[in-house]
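Structural overview for review
So the chains spell out like this:
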Amino acid sequence: GAVVSQHPSRVICKSGTSVKIECRSLDFQATTMFWYRQFPKKSLMLMATSNEGSKATYEQGVEKDKFLINHASLTLSTLTVTSAHPEDSSFYICSARRDATDTQYFGPGTRLTVL
Amino acid sequence: QKEVEQNSGPLSVPEGAIASLNCTYSDRGSQSFFWYRQYSGKSPELIMFIYSNGDKEDGRFTAQLNKASQYVSLLIRDSQPSDSATYLCAVNMNDSGAGSYQLTFGKGTKLSVIP
C-alpha cells in the first residue's frame with residue numbers, strides 16, 4: 001500500500017495563533033512532499049514543494065514566512081500556519097511522492113477554521 | 001504555460017453505463033499521467049497512472065493515452081452511484097521546473113452516476 005496520514009484532521013483556532021499540521025508517509029519513503037490548499041468547490045492549489053533536508057520551494061504568491069515547512073525525515077513533513085487569520089481557513093492537503101517514482105499519494109487533509 | 005484541460009461537467013451517466021472522462025495537456029514532452037478521484041469534502045485518491053501509449057486496465061477502470069494527440073482519458077465501465085465524484089487528471093510535465101516531480105492538475109470533471 002501507500003498510506004499517507006495527516007494530523008490533525010480538523011482544527012479550530014483563534015486569530016493570531018499558530019497551527020502545525022503533520023504529514024507522514026506510513027509505509028514508504030518520501031524525499032519529496034507537497035502541500036496544497038483547496039477552497040470550497042475550487043481546484044487544488046499547490047503551495048510548496050518540501051524536500052527532505054533542504055528548504056522548501058514555495059509557489060508564487062505563497063508567503064514563506066507565514067507558511068513554514070519543515071521536512072525533517074524521509075517520512076515526515078510539517079506545515080505551520082503562523083499568525084493565522086480567518087482568510088487562512090481552508091482545506092490543507094499534503095501529498096508524498098514515493099521515492100524512485102513520480103507518483104504522489106495524498107493525505108486525508110486538514111480542515112482549518114480560524115475564528 | 002503548462003496546462004491540463006478537462007471538461008468541468010457535470011457529466012451524468014446512468015448506472016451501468018460507461019463513463020468517459022477526457023483530458024488534454026499542453027506539454028508534448030510529458031511522460032507521466034495520473035487520474036485521481038476526489039469525493040466532496042475529501043482529499044484526492046489515486047486511481048491509475050499510465051506512462052505508455054495505449055490502454056491500461058484495472059478492474060472497471062481503463063486509462064487511455066495518446067501522446068501524439070496529447071490526450072489521456074479514463075473509462076469507467078459499469079458505472080455505479082458510488083463512482084459519483086470529481087475526477088482529476090494530473091500530468092508530470094517536463095517544464096514543471098526544479099526537477100521537481102510536480103504534477104499539473106486539471107480542474108476536474110464532476111461525474112454523476114444516476115441510479
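Here, residues in each chain are numbered from 1, in the same order as that chain's written sequence. All chains are assigned letters beginning with A, and all ligands numbers beginning with 1, in the order in which they are written. Local features in a predicted model are, by the rule used here, given only for residues with pLDDT of at least 70; side-chain atom pairs are given and counted only at 80 or more, and totals for whole chains, interfaces and linings are based on all residues. With hydrogens and water stripped out, all remaining heavy atoms of the structure feed into the side-chain values.

Considerations on the state of the cysteines
Threshold: We call a pair of cysteine sulfur atoms a disulfide whenever their separation is within 2.5 Å. Runs of E in the DSSP output that reach at least two residues are strands. Runs of H or I that reach at least four are helices, and both are numbered from the N terminus. Each residue's exposure class comes from its accessible area (1.4 Å probe, protein chains only) as a fraction of the maximum for that residue type: buried when under 20%, exposed when over 50%, partly exposed otherwise.
A complete count under the given rule lists two disulfides over all chains for this structure. Between the sulfur atoms of A:Cys23 and its disulfide mate A:Cys94 the distance is 2.0 Å. A torsion of 80° about the S-S bond marks the disulfide between A:Cys23 and A:Cys94 as right-handed. One end of the pair, A:Cys23, is in strand 3 (residues 19-25); the other, A:Cys94, is in strand 9 (residues 90-97), with 71 residues separating them in the sequence. Grouping residues by exposure puts A:Cys23 and A:Cys94 together as buried. Covalent S-S linkage joins B:Cys23 and B:Cys89, the inter-sulfur distance amounting to 2.0 Å. Since a negative S-S torsion denotes a left-handed disulfide, the B:Cys23-B:Cys89 link at about -70° is left-handed. With B:Cys23 in strand 3 (residues 19-25) and B:Cys89 in strand 9 (residues 85-92), this residue pair connects regions lying 66 residues apart in the sequence. Both residues of the pair, B:Cys23 and B:Cys89, belong to the buried class.

Focus: unusual backbone geometry
Here A:His7 and A:Pro8 are connected by a cis peptide whose omega angle stands at 0°. If you trace the backbone, A:Pro8 turns up in the loop between strand 1 (4-7) and strand 2 (10-13). Along the chain, B:Gly9 connects to B:Pro10 via a cis peptide bond; the corresponding omega equals 10°. Looking at the element boundaries, B:Pro10 is found in the loop between strand 1 (4-6) and strand 2 (11-14). In this structure, A:Lys41 is a non-glycine residue whose phi angle is positive, near 60°.

Brief notes about the side chain of A:Asp88
Applied cut-off: Two residues form a contact once any of their heavy atoms are found within 4.5 Å.
Structurally, the position occupied by A:Asp88 is in the loop between strand 8 (76-81) and strand 9. When near neighbours in sequence (up to four residues on either side) are disregarded, A:Asp88 contacts A:Lys66, A:Phe67, A:Val81, A:Ser83, A:Leu112 and A:Val114.

Thoughts on the interface of chain B and chain A
Our working rule: Reported buried area values correspond to the accessible surface (1.4 Å probe) lost by two parts on association, with both partners' losses combined. The salt bridge criterion pairs a side-chain nitrogen of Lys or Arg with a carboxyl oxygen of Asp or Glu, the two atoms within 4 Å. N or O atoms closer than or at 3.5 Å make up a polar contact, with two conditions inside protein: a donor-capable atom paired with an acceptor-capable one, and, for residues adjacent in sequence, both atoms drawn from side chains.
Contact with chain B, which involves 19 residues of that partner, is made by 22 residues of chain A. When chain B packs against chain A, close to 1500 Å² is buried across both sides, 53% of that on carbon and sulfur atoms. If you look at where chain B meets chain A, you find zero salt bridges. At the surface where chain B touches chain A, the tally comes to 10 residue pairs in polar contact (both at pLDDT 80 or more).

A short note on the sheet that holds strand 1 of chain B
Sheets are built from strands paired through backbone hydrogen bonds, the pairs being either parallel or antiparallel. All names here are of chain B. The condition is simple: DSSP calls a pair of strands paired once it identifies at least 2 bridges connecting them. Each axis is a line fitted through C-alpha atoms, and for a helix only the stretch in contact is used; angles between axes span 0 to 180 degrees, taken between their N-to-C directions.
Pairing within the open sheet is antiparallel, and its five strands lie in the order 1-3-8-7-6. Two strands in the sheet have a free side with no partner beyond their single neighbour: strand 1 and strand 6 (54-58). Taking each pair of neighbouring strands and ignoring which way they run, the sheet shows an average axis angle of 20°.

So, the environment of B:Ser112
All names here are of chain B. Note on placement: Ser112 falls in strand 11 (residues 109-114). Distance in space between the C-alpha atoms of Ser112 and Ser12 is 4.7 Å, their sequence separation being 100 residues. Among residues more than four places away in sequence, those in contact with Ser112 are Leu11, Ser12, Val13 and Ser84.

Describing the sheet that holds strand 8 of chain A
Residue and element names in this part refer to chain A. Reading across the sheet, the four strands line up as 1-3-8-7 and stay open at both edges, with antiparallel pairing between neighbours. Two strands bound the open sheet, and with one partner strand each, they are strand 1 and strand 7 (67-73). Ignoring strand direction, the axes of neighbouring strands in this sheet form an average angle of 15°. As judged from the five bridges shared by strand 7 and strand 8, these two strands associate in the antiparallel manner. From the neighbouring strand, Asn70 faces strand 8, where its bridge partner is Thr78.

Here we look at the packing of aromatic side chains
So the rule is basically this: Planes of paired rings set the category: under 30 degrees apart is stacked, over 60 is edge-to-face and the rest tilted, where pairs are Phe, Tyr or Trp rings (Trp by its six-membered ring) whose centres lie within 6.5 Å. For a lysine, the NZ atom is tested; for an arginine, the CZ atom; a charge sits over a ring if that atom is within 6 Å of the ring centre and within 35 degrees of the ring normal.
Taken as a whole, this structure holds 11 aromatic pairs over all chains when the rule is applied. Taking 6.0 Å as the distance between ring centres and 65° as the angle between the ring planes, the aromatic pair formed by A:Phe106 and B:Phe105 counts as edge-to-face. Of this pair, A:Phe106 sits in strand 10 (residues 104-106) while B:Phe105 sits in strand 10 (residues 104-105), placing the two residues on different chains. Judged by its relative accessible area of 16%, B:Phe105 is buried. Note that A:Lys66 overlies the ring of A:Phe67, its terminal NZ or CZ placed 6.0 Å from the centroid.

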